[in-house]
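One-letter residues, chain by chain:
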Amino acid sequence: GENVEQHPSTLSVQEGDSAVIKCTYSDSASNYFPWYKQELGKGPQLIIDIRSNVGEKKDQRIAVTLNKTAKHFSLHITETQPEDSAVYFCAATRGGSGNTGKLIFGQGTTLQVKP
Amino acid sequence: DVKVTQSSRYLVKRTGEKVFLECVQDMDHENMFWYRQDPGLGLRLIYFSYDVKMKEKGDIPEGYSVSREKKERFSLILESASTNQTSMYLCASSFGWRWGLAGPNEQFFGPGTRLTVL
């Protein structure tokens with residue numbers, strides 16, 4: 001069935017280092033790939049997204065890359081700061097979901113940025 | 001600023017009780033979602049609604065039902081709560097079809113309800 005695998009499950013980096021989280025998806029019809037950040041006690045919040053007609057997108061310190069052939073997409077955070085510490089989720093649309101945007105989420109990555 | 005609110009942050013219920021979780025959004029979104037979040041499993045879709053009175057089952061609908069009588073409100077119902085339904089429940093909403101929107105778009109999440117079933 002449709003699936004999104006996310007790695008690693010936990011990631012610890014020193015402040016200022018880069019962090020990379022990787023996801024693979026199974027449905028070749030997926031066309032929208034958002035990344036959500038969930039801080040303690042809050043609901044997930046979109047931080048960046050990419051559509052299948054784009055290979056890379058950047059917003060200040062965060063970037064996402066998409067390899068449709070390999071069905072991989074990755075989140076890159078540069079110059080990490082303690083406030084980047086949170087749980088990050090990748091997601092992909094289910095094939096045929098149209099504008100409903102039904103998503104399949106990865107398992108989540110807990111990022112810890114040590115000062 | 002989009003706001004999605006959930007009726008309770010924490011809820012404790014007993015096995016067999018009927019439980020109602022309410023979600024309200026203020027952005028005139030067509031789509032509303034109920035997810036369950038468990039450690040190591042990510043977010044799993046329970047039910048989805050794309051319009052008033054319209055609903056679709058998600059990946060784990062067993063033991064749950066939903067109601068959408070008004071566009072802004074989406075309710076999740078646990079008909080007879082069981083201990084394996086102890087979890088964090090998240091509601092989300094998003095636009096459906098709109099001129100200028102390039103397909104699927106951002107889901108806005110509420111803060112979640114942590115439900116414990118004893």
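What counts and what doesn't
- Residues numbered from 1 in each chain as written.
- Chains lettered and ligands numbered in written order.
- Predicted model: local features only at pLDDT ≥ 70, side-chain atom pairs only at ≥ 80, totals over all residues.
- Heavy atoms only, no water.
- Helix = DSSP H or I, 4+ residues; strand = E, 2+ residues; numbered from the N terminus.
- Rg over C-alpha atoms; globule rule 2.2 N^0.38 Å.
- Buried < 20%, exposed > 50% of the residue type's maximum accessible area, 1.4 Å probe, protein only.
- Contact = heavy atoms within 4.5 Å.
- Areas by Shrake-Rupley, 256 points an atom, 1.4 Å probe, with all protein chains shown as cover.
- Lys, Arg positive; Asp, Glu negative; His and termini not counted.
- Charge placed at Lys NZ, Arg CZ, Asp CG, Glu CD.
- Pairing = 2+ DSSP bridges.
- 1 Å grid on protein atoms, 1.4 Å probe; cavity = no way out; pocket = protein on both sides within 12 Å on 5 of 7 lines; lining within 4 Å.
- Points joined across faces, edges and corners; volume = space filled by probe spheres on them.
- Nonpolar A, V, L, I, M, F, W, Y, C, P; charged D, E, K, R; others polar.
- Phe/Tyr/Trp six-rings, centres within 6.5 Å; stacked < 30°, edge-to-face > 60°.

A. Representation of the overall build of chain A in the model. Within chain A, the regular secondary structure consists of 0 helices and 11 strands. For chain A, the N- to C-terminal ordering of α and β elements is β-β-β-β-β-β-β-β-β-β-β. Whereas a compact globule of 115 residues would reach a radius of gyration of roughly 13 Å, chain A reaches 14 Å, a difference of no more than 12%. With the C-alpha coordinates of chain A rotated into their principal frame, the extents come out at 45 × 30 × 20 Å. Across the 115 residues that make up chain A, the buried fraction comes to 47%. Restricting the contact set of chain A to residue pairs at least 6 apart, pairs at least 24 apart contribute 54%. Total accessible area on chain A stands at roughly 5,500 Å², and carbon and sulfur atoms take up 46% of it. For chain A, the centre of its 12 positive side-chain charges and the centre of its 12 negative side-chain charges are spaced 6 Å apart.

B. Focus on the pairing of strand β4 (residues 31-38) of chain B. Residue and element names in this part refer to chain B. With 8 of its 8 residues buried, β4 lies for the most part within the structure. Residues N31, F33, Y35 and Q37 point to one face of β4 and M32, W34, R36 and D38 to the other, with burial holding for every one of them. As judged from the 7 bridges shared by β4 and strand β9 (residues 87-94), these two strands associate in the antiparallel manner. Among the inter-strand pairings, N31 is bridged to a residue of β9, identified as S94. The hairpin formed by β4 and strand β5 (residues 42-51) contains 3 residues between the paired strands, and G40 there has a positive phi angle of roughly 80°.

C. Fine view of the layout of surface pockets. Quantified by volume, the largest pocket comes out at close to 510 Å³. Forming the boundary of the largest pocket are 24 residues, of which Q38 and V87 of chain A together with Q37, M88 and R114 of chain B lie nearest the centre. At the level of secondary structure, the elements contributing two or more residues to the lining of the largest pocket comprise β9 (86-93) and β11 (109-114) of chain A together with β4 and β9 of chain B. Class assignment for the residues of the lining of the largest pocket results in 8 nonpolar, 11 polar and 5 charged. Estimated volume of the second largest pocket: approximately 340 Å³.

D. Broad picture of the packing of aromatic side chains. Scanning the entire structure with this criterion turns up 14 aromatic pairs over all chains. Ring geometry for W35 of chain A versus F73 of chain A: centroids 5.6 Å apart, planes at 65°, classification edge-to-face. Of this pair, W35 of chain A sits in strand β4 (residues 32-38) while F73 of chain A sits in strand β8 (residues 72-77), placing them 38 residues apart in sequence. For F73 of chain A, a relative accessible area of 1% corresponds to the buried category. Judged by centre distance (5.9 Å) and plane angle (50°), the rings of Y36 of chain A and F105 of chain A are tilted. Of this pair, Y36 of chain A sits in strand β4 while F105 of chain A sits in strand β10 (residues 103-105), and the two are 69 residues apart along the sequence. Judged on exposure class, the residue Y36 of chain A and its partner F105 of chain A are both buried. Through a chain of ring-to-ring contacts, three or more aromatic side chains come together here, namely Y36, F89 and F105 of chain A together with F33, Y35, F48, Y50 and F109 of chain B.

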